[in-house]
Amino acid sequence: MSAAPAAGSGSAAGLMDRIYRHQRHIYDASRKFYLLGRDELIAGLEPQPGAAILEIGCGTGRNLIGIARRYPQCDCFGLDVSSAMLDTARGAVKRAGLDGRIRLAQADATDFDPQGLFGRPGFDRIVISYALSMIPPWQAVVAQAIARLSPGGSLHIVDFGDQAGLPPAFKAVLQRWLALFHVTPREDLPQVVRRLAGEAGATCRAEAPFRGYAVQVVVRRAEAHARP
Ligand SMILES: C[S@@+](CC[C@H](N)C(=O)[O-])C[C@H]1O[C@@H](n2cnc3c(N)ncnc32)[C@H](O)[C@@H]1O
């Protein structure tokens, strides 16, 4: 169940495939120690029964499997630019017995067509977990995601924060280590998302848990107004 990535996404796909070709086999076991806040994000989704939930940059499918288990009446969708990560995700989803409820597709988050990929124009919940820090044009991804929210829908982001509450030496070491994996914390993420949400008429709430190690942002789109 996959679609071809958008034109121009070849370099992103190639880079991510190179990074994750071997890493994907130890990804879930190793990342649980430092991709903090993902389970809190899942707990905060609180979708209505029947809601459609998309994860952008879904990686190994770890979050989607957690979402599908926690919210059994929802339909789940995931996209990722890396075919290697999607291979791992497909295997994990099948082993979890969730291949009837989680649909996966290959696409570049900076320019994806939900209708072509999944046959729907938007989603009730969109999740972006530790992906914006790996996507250079990350602001375009946030704008796309907000535009794909159904009325009353919400976008939930978790990623590395500005680490403002942590010792400077820790921050310096962490940033050098993350750079080895092509990860760049977006220190202005809350401000940028707030601006993009405002431009779209949506609200935005940001928090910096774990002393700023992580940042969590929720954007909420208003319900559609009933016709008089
Ligand atoms: C650090 S992993 C996070 C995976 C998952 N969201 C999680 O929380 O475990 C980042 C993911 O973003 C994907 N990614 C990077 N650039 C992308 C792009 N331009 N479009 C879609 N996915 C992308 C990578 O292939 C990778 O699977």
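This section reports on the structure supplied with the text. (Residues numbered from 1 in each chain as written. Predicted model: local features only at pLDDT ≥ 70, side-chain atom pairs only at ≥ 80, totals over all residues. Heavy atoms only, no water.)

**Thoughts on the site of the ligand**
Of all residues adjacent to the ligand, which total 21 residues, the nearest are Arg38, Glu55, Gly57, Asp80 and Ser129. Between the ligand and alanine 109, the relevant distance is 2.8 Å, taken from a nitrogen atom to a main-chain nitrogen or oxygen of the residue. Relative to its unbound accessible surface of 590 Å², the ligand loses 97% to contact with the protein. Tallied by class, the residues present in the shell around the ligand amount to 12 nonpolar, 5 polar and 4 charged. (Near = heavy atom within 4 Å. Polar contact = N/O pair within 3.5 Å; in protein donor to acceptor, adjacent residues only side chain to side chain. Areas by Shrake-Rupley, 256 points an atom, 1.4 Å probe, with all protein chains shown as cover. Nonpolar A, V, L, I, M, F, W, Y, C, P; charged D, E, K, R; others polar.)

**What about helix α4 (residues 62-70)?**
Taken together, the buried positions of α4 are occupied by Asn63, Leu64, Ile65, Ile67 and Ala68. On the buried face of α4, the contacting elements are α3 (38-43), β1 (52-56), β2 (75-80), α5 (83-95), β3 (102-106) and β4 (123-129). (Buried < 20%, exposed > 50% of the residue type's maximum accessible area, 1.4 Å probe, protein only. Helix = DSSP H or I, 4+ residues; strand = E, 2+ residues; numbered from the N terminus. Contact = heavy atoms within 4.5 Å.)

**Some points on the pattern of salt bridges**
A complete count under the given rule lists 5 salt bridges for this structure. For arginine 62, the salt bridge goes to aspartate 39, with nearest N and O atoms at 3.0 Å. A residue pair is termed long-range when its members are at least 10 positions apart, and arginine 62 in helix α4 and aspartate 39 in helix α3 qualify at 23 residues. Taking relative accessible area as the criterion, arginine 62 reaches 26% and is therefore assigned partly exposed. (Salt bridge = Lys/Arg side-chain N within 4 Å of Asp/Glu carboxyl O.)

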